[in-house]
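Residues per chain, in single letters:
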Amino acid sequence: MSKYRTMALAGCMAALALVVVLGTALEAAFFNRGSLVWLIAAGILPCFVLLLVFWFGYRGLKRTLIEAEHQRREHVASINRDALTGAMTRGYFLAELKTLVRRSTKTPLAFLQFDMDHLKSINDGFGHAAGDAALLRFAQVIAKAAPDAIFGRLGGDEFAIAIPGIDSKAALIRLGQHILAELDNPVAHSGRDLRLSATIGVAVAPEDGATVDVLMSKADLALYKGKRSGRSKVVAFEAEMLAEERHQRFIERELRTAILLNELQLHYQPVFGPRNEVVSVEALVRWKHPVRGLIPPSEFVPIAEQGDLIDKLGEWVLRRACRDLEHLGVPAVAVNVSAAELRREGYAARFAKILEVAGVSPDRLIVEVTETAPLRAGDTERVNLRALRETGIKIAIDDFGAGHASLAYLRNFPFDAIKIDRTYIANMLTSRVDAVIVQAIARLARVLDVEVVAEGIETAEQRDAARQAGCAAVQGYLLARPMPLEQCVAILSRDTHVASAA
């Protein structure tokens with residue numbers, strides 16, 4: 001600041017000198033008419049010199065101010081960057097993004113939003129040092145693939161980049177695919193190969209949005225479509241996604257109302273033991289909308305899992321199953337529990353409280369962990385499953401061998417039963433590989449002293465093959481379809497087996 005005050009003082013003194021000299025020259029010219037040489041020598045020439053002084057002073061001051069602003073911005077950027085990855089902090093990145101979006105009418109802007117897949121699993125399974133290594137590796141890949149991009153960290157495992165001058169979504173999808181390919185290359189860390197993946201949503205300004213909020217919401221829609229379709233994807237925003245979002249909001253709003261007004265139903269499908277006796281029934285939620293008709297669980301359960309609605313849905317199913325158990329007269333009822341529910345702290349305690357209020361013994365409940373979302377090896381999930389088992393509730397892996405359910409579940413979580421996915425049962429008569437897989441799972445179950453159930457039995461040949469492979473219990477349309485409570489009670493109360501009735 002002292003430098004700027006000195007320059008300003010010098011400028012003022014020069015201006016004062018200029019006024020004095022110019023006044024003297026004009027006075028001399030007035031009293032000595034025709035003295036042009038004196039006017040030039042005593043007035044105009046000094047003025048020209050002083051103007052040059054002003055010009056160079058202005059240029060120097062401007063250059064100094066630009067350098068000072070550059071240093072200021074660098075300092076602000078340095079204190080607003082993530083220490084580990086070097087990415088801009090959320091607030092600073094959004095401020096920069098706002099400026100770029102405002103200029104996008106002249107210079108288009110590409111925006112890519114990243115959600116790292118399974119970072120929590122890396123932290124839980126290998127420690128926070130591995131998680132830090134994953135974040136650093138991710139930042140390095142981004143810096144190499146898009147060196148001119150503005151890179152920001154929006155959250156724990158959420159990042160974004162902004163690239164001025166690009167509006168080709170095809171080119172951005174190629175860039176995203178290149179980034180995913182680089183992330184998939186294994187990197188050694190503490191004796192292990194570290195592989196990473198991410199889901200990427202793409203939007204461009206001003207085409208998809210002329211404000212930061214709109215642009216980010218469009219990229220977010222694309223990102224979550226990628227996550228729902230299997231993760232590790234690059235998805236660019238399309239106008240049709242807005243219709244999908246409206247549909248999801250409709251489903252969520254209507255489902256919340258249906259739970260509140262008790263408009264859902266439970267259907268029950270029996271599971272048969274080695275002597276064709278009913279050992280349990282599986283409770284399956286059904287939603288018959290008054291206008292849209294029957295809405296399948298595959299459509300509304302994933303939407304419920306995105307928020308707290310899955311907790312309300314799960315509680316409704318459990319309370320209704322406990323109420324119906326008295327009428328069913330079977331040894332146990334199985335309820336499907338989402339992995340998203342098991343991530344809630346205190347879930348097991350709330351589950352046990354509902355049983356206590358309903359007066360139902362815990363050994364009459366089976367919790368089937370569904371595979372709509374992956375079950376992570378985190379402390380909360382383990383604590384809840386362990387607490388459920390300690391009360392006497394049995395835990396079963398549903399759809400084993402398909403989707404997320406795998407051998408890692410058996411290693412990381414306590415289970416009492418395995419339900420083999422129906423695709424293996426359907427193909428075991430024609431595929432030697434599937435037949436061997438079913439036999440291997442049955443042998444593994446015997447070694448682990450857990451029950452094994454064959455799902456999706458549709459023919460007598462499949463039932464016989466599954467039992468020969470070692471599956472003690474079977475379930476499927478051949479034996480009984482899912483049915484409302486009244487029909488299920490009527491069939492189970494008969495002296496004959498449900499299989500013959502079906």
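Residues numbered from 1 in each chain as written. Predicted model: local features only at pLDDT ≥ 70, side-chain atom pairs only at ≥ 80, totals over all residues. Heavy atoms only, no water.

1. Side note on the sheet that holds strand β1 (residues 109-116)
Keep this limit in mind: Pairs of strands are assigned from DSSP output, requiring at least two bridges between the strands. Each helix corresponds to a stretch of at least 4 residues labelled H or I by DSSP, and each strand to a stretch of at least 2 residues labelled E; elements are numbered beginning at the N terminus. Helix axes use the C-alpha atoms of the stretch in contact, all axes being lines fitted to C-alpha atoms, and the angles between their N-to-C directions lie in the range 0 to 180 degrees.
The 5 strands are arranged β2-β3-β1-β6-β7 in an open sheet whose pairing can be described as mixed. Of all the strands in the sheet, the pair left with one neighbour each is β2 (150-153) and β7 (234-236). In this sheet, adjacent strand axes meet at a mean angle of 20 degrees when their direction is disregarded. Strand direction decides the pairing type here: β1 and strand β3 (residues 158-164), joined by 7 bridges, are antiparallel. Looking at β3, one finds that Q113 is bridged to A160.

2. Section: the packing of aromatic side chains
Formally: Pairing of aromatic side chains requires ring centres within 6.5 Å, counting the rings of Phe and Tyr and the six-membered ring of Trp. Pairs whose planes differ by under 30 degrees are stacked, by over 60 edge-to-face, and all others tilted. A simple rule labels every residue: compare its accessible area, found with a 1.4 Å probe on the protein chains alone, to the largest value its type can have, and call it buried under 20%, exposed over 50%, or partly exposed in between.
Applying the stated rule across the entire model yields 6 aromatic pairs. Relative to F300, the ring of W287 has its centre 5.5 Å away and its plane inclined at 85 degrees; by these criteria the two rings are edge-to-face. Separated by 13 residues along the polypeptide, W287 in strand β9 (residues 278-289) and F300 in helix α9 (residues 297-305) bring together distant segments of the chain. A relative accessible area of 0% places F300 in the buried class. With a centroid separation of 6.0 Å and an interplanar angle of 55 degrees, the aromatic rings of Y347 and F351 are classed as tilted. With Y347 and F351 both in helix α12 (residues 347-358) and 4 residues apart, this pair spans about one turn of that helix. For the residue pair Y347 and F351, the accessibility class agrees, reading buried in each case. One aromatic cluster is present, built from ring pairs that chain together F114, F138, F151 and F159.

3. Here we look at the side chain of E341
Let me state the cut-off plainly: Neither His nor the chain ends is counted toward charge; the positive residues are Lys and Arg and the negative residues Asp and Glu. Throughout this description, the term salt bridge denotes a Lys or Arg side-chain nitrogen within 4 Å of a carboxyl oxygen of Asp or Glu. We define a polar contact as two N or O atoms separated by no more than 3.5 Å, with the added condition that, inside protein, one atom must be a possible hydrogen donor and the other a possible acceptor, whereas residues neighbouring each other in sequence contribute only through side-chain atom pairs. Whether two residues are in contact is decided by their heavy atoms, any of which lying within 4.5 Å being enough.
If you trace the backbone, E341 turns up in helix α11 (residues 339-342). Although E341 is buried, it makes no salt bridge; R350 carries the closest opposite charge, 8.0 Å away. One polar contact links the side chain of E341 to the main-chain amide nitrogen of S338, over a distance of 2.9 Å. With residues up to four places along the chain from it excluded, the contact list for E341 reads I310, D311, G314, N336 and Y347.

4. Structural notes on the packing of helix α8 (residues 240-260) against α9
In helix packing, the relevant descriptors are the interaxial angle and the interaxial distance, both defined with respect to the helix axes. The line we're drawing: Between 65 and 115 degrees an angle is taken as roughly perpendicular, under 35 as roughly parallel, over 145 as roughly antiparallel, and anywhere else as oblique. Gly counts as polar in this scheme, as do all residues outside two lists: the nonpolar Ala, Val, Leu, Ile, Met, Phe, Trp, Tyr, Cys and Pro, and the charged Asp, Glu, Lys and Arg.
Following both chains from N to C, one finds α8 and α9 inclined at 85 degrees, their axes separated by 10 Å at the closest point. By the angle between their axes, α8 is roughly perpendicular relative to α9. Every residue of α9 that contacts α8 at H247, Q248, I251, E252 and L255 is listed here: E299, F300, I303 and A304. Residue composition of the contact of α8 with α9, grouped by class: 5 nonpolar, 2 polar and 2 charged.

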